[in-house]
Amino acid sequence: MPIGDHAEAKKPGMLRTIIDVLVLLAMVLLLSWGLRTFVFQAYEIPSESMEPTIHGNAQVHDMVFSEKITYYTRSPQYKDIVTFTDPELPSRILIKRVIAVGGQTVDLQDGKVVVDGVALDEPYVHGSQSFELPGSSLSFPYTVPEGCLWVMGDNREWSQDSRWFGAIEESSVTGRAVLVYWPVSDIGFLE
């Protein structure tokens with residue numbers, strides 16, 4: 001076989017390899033987009049509002065996975081930790097715990113959260129008190145509108161939450177936070 005014929009025989013193989021790599025890259029990008037859009041999203045926690053459940057102080061910024069599949073089959077429920085679009089700054093995602101759902105009445109009494117007349121047992125706040133936030137225009141008791149959620153940070157003294165901006169639209173929820181994956185010392189499922 002002449003040398004020129006051998007070189008021409010390799011060109012289609014090289015072109016095929018390039019096409020295969022481009023197709024593989026496109027598939028990886030499509031799969032990545034699909035997982036991020038419909039299955040889960042990673043978030044860095046920038047504030048102390050969920051401590052000690054999730055760290056976001058100056059030294060440590062926990063990274064969490066928020067899954068989206070659960071809310072295809074059910075609505076957010078009491079105690080779910082949800083990620084949602086900030087009602088005051090839509091380009092930002094916040095993370096808080098669901099305290100009440102549409103139709104329930106929330107009140108703050110003696111540093112405790114009371115829903116439908118019953119004081120909540122909230123071990124996740126580790127003694128943090130729940131009071132009205134200064135400067136908020138909300139008055140209590142507050143009835144959560146249908147299709148909305150009342151959300152609060154676990155670190156009640158350092159959380160700007162529904163006590164500030166009111167109930168959030170259930171449609172603004174982007175997922176349910178389920179796992180801290182970074183740093184290694186904090187890896188674990190969220191409750």
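It is not clear to me how the overall build of the protein should be interpreted in this structure. Could you clarify?
When helices and strands are tallied, the protein shows 3 helices and 12 strands. Against the compact-globule benchmark of 16 Å for 191 residues, the protein has a radius of gyration of 24 Å, which places it well outside the compact range. Counting only C-alpha atoms and orienting by the principal axes, one finds that the protein spans roughly 95 × 35 × 25 Å. The buried share of the protein, taken over its 191 residues, is 39%. Within the protein, counting contacts between residues at least 6 apart in sequence, those at least 24 apart form 61% of the total. Of the accessible surface of the protein, which amounts to about 11300 Å², a share of 62% is contributed by carbon and sulfur atoms. Separation between the mean location of the 14 positive side-chain charges and that of the 25 negative ones in the protein comes to 8 Å.

Can you walk me through a nonpolar patch on the surface in this structure?
A cluster of nonpolar side chains, namely Met14, Ile18, Leu22, Leu25 and Leu29, defines an oily patch on the protein surface of about 520 Å² accessible area. Tracing the chain through its elements places Leu22 in helix H1 (residues 3-38).

So what exactly am I meant to see when it comes to the side chain of Ser49 here?
The residue Ser49 is located in the loop between strand E1 (40-44) and strand E2 (63-67) in this model. Relative accessible area serves as the criterion here: at 4%, Ser49 is assigned to the buried category. Each residue touching Ser49, except ones within four places of it in the same chain, is listed here: Ile95, Lys96, Gly153, Asp154, Asn155, Trp158 and Ser159.

How do you make sense of the pattern of salt bridges when you look at a structure like this?
For the coordinates displayed, the defined rule picks out 7 salt bridges. Between Arg176 and Glu67 there is a salt bridge, with its nearest N and O atoms 3.0 Å apart. With Arg176 in strand E11 (residues 173-182) and Glu67 in strand E2, this pair connects stretches of sequence that are 109 residues apart. Since its relative accessible area comes to 24%, Arg176 is described here as partly exposed. One salt bridge in this structure joins Arg92 and Asp86, with 2.5 Å as the shortest N-O distance. Accessibility expressed as a relative area gives 42% for Arg92, which makes it partly exposed.

I would appreciate a short explanation of the environment of Phe38 in the present structure.
Checked against the element boundaries, Phe38 lands in helix H1. Looking at Phe38, the relative accessible area reads 43%, which means it is partly exposed. In this view, Phe38 contacts Trp33, Lys68, Ile69 and Tyr72; residues no more than four positions away in its chain are not counted.

I'm lost on the nonpolar core in this one. Help?
Across soluble globular proteins, nonpolar side chains show a tendency to be buried alongside one another. Formed by 17 residues in total, the largest nonpolar core has its most connected members in Ile99, Val106, Val113, Val144 and Trp150. Where this core is concerned, the elements lending two or more residues are strand E4 (93-101), strand E5 (105-109), strand E6 (112-115) and strand E9 (148-152). Take this core: its biggest share by element is 3 residues, from E9. What Val113 contacts, discounting residues up to four positions off in sequence, is Ile99, Val106, Asp107, Leu108, Val118, Ala119, Leu120, Glu122, Ser130, Met152 and Arg156.

Sorry, what's going on with the sheet that holds E5 here?
Sheet strands associate in pairs through backbone hydrogen bonding, adopting either a parallel or an antiparallel arrangement. A sheet is described by the order of its strands in space; here 4 strands give the open sequence E7-E6-E5-E8, paired in antiparallel fashion. Of all strands in the sheet, those with a lone pairing partner are strand E7 (118-119) and strand E8 (142-143), marking the two edges. Pairing analysis gives 2 bridges linking E6 to E7, with the strands arranged antiparallel. Pairing of Val115 across the sheet is with Val118, part of E7.

Any chance you could explain the pairing of E9 here in plain terms?
Side-chain positions along a regular strand alternate between the two faces of the sheet. Counting buried residues along E9, 5 of its 5 residues qualify, which places the element largely inside the surrounding structure. As judged from the 2 bridges shared by E9 and strand E10 (residues 168-169), these two strands associate in the antiparallel manner. Residue Leu149 lies in a different strand from E10, and its bridge partner there is Ile168.

About the thresholds
All residue numbers here refer to positions counted from 1 along the written sequence of the relevant chain. In view of the model being predicted, local features appear only for residues whose pLDDT reaches at least 70, and side-chain atom pairs are presented and counted only at 80 or more, with totals across whole chains, interfaces and linings using the full set of residues. To get the side-chain values, all heavy atoms of the structure are used, and hydrogens and water are removed first. Secondary structure elements are taken from DSSP: a helix is a run of H or I of four residues or more, a strand is a run of E of two residues or more, and numbering for both begins at the N terminus. Note that the radius of gyration is over C-alpha atoms, with the globule rule given as 2.2 Å times the number of residues to the power 0.38. We call a residue buried when its accessible area falls under 20% of the maximum for its residue type, exposed when it is over 50%, and partly exposed in between, using a 1.4 Å probe and counting protein chains only. We call two residues in contact when some of their heavy atoms are within 4.5 Å. Values of accessible area rely on a 1.4 Å probe in the Shrake-Rupley scheme; residue burial ignores everything except the protein chains shown. As used throughout, the charge tally considers Lys and Arg to be positive and Asp and Glu to be negative, leaving His and the chain termini uncounted. Charge placement uses NZ in Lys and CZ in Arg. For Asp and Glu, CG and CD serve respectively. A residue counts toward a patch only above 30% relative accessible area and without a salt bridge, and it is joined to like-charged neighbours within 9 Å or, for Val, Leu, Ile, Met, Phe, Trp and Tyr, to nonpolar neighbours within 5 Å. A side-chain nitrogen of Lys or Arg and a carboxyl oxygen of Asp or Glu constitute a salt bridge if their distance falls within 4 Å. The nonpolar core is taken to be a set of buried Ala, Val, Leu, Ile, Met, Phe, Trp, Tyr and Cys residues, with the residues joined through side-chain atoms within 4.5 Å. Should DSSP find at least two bridges between two strands, the strands are taken to pair.

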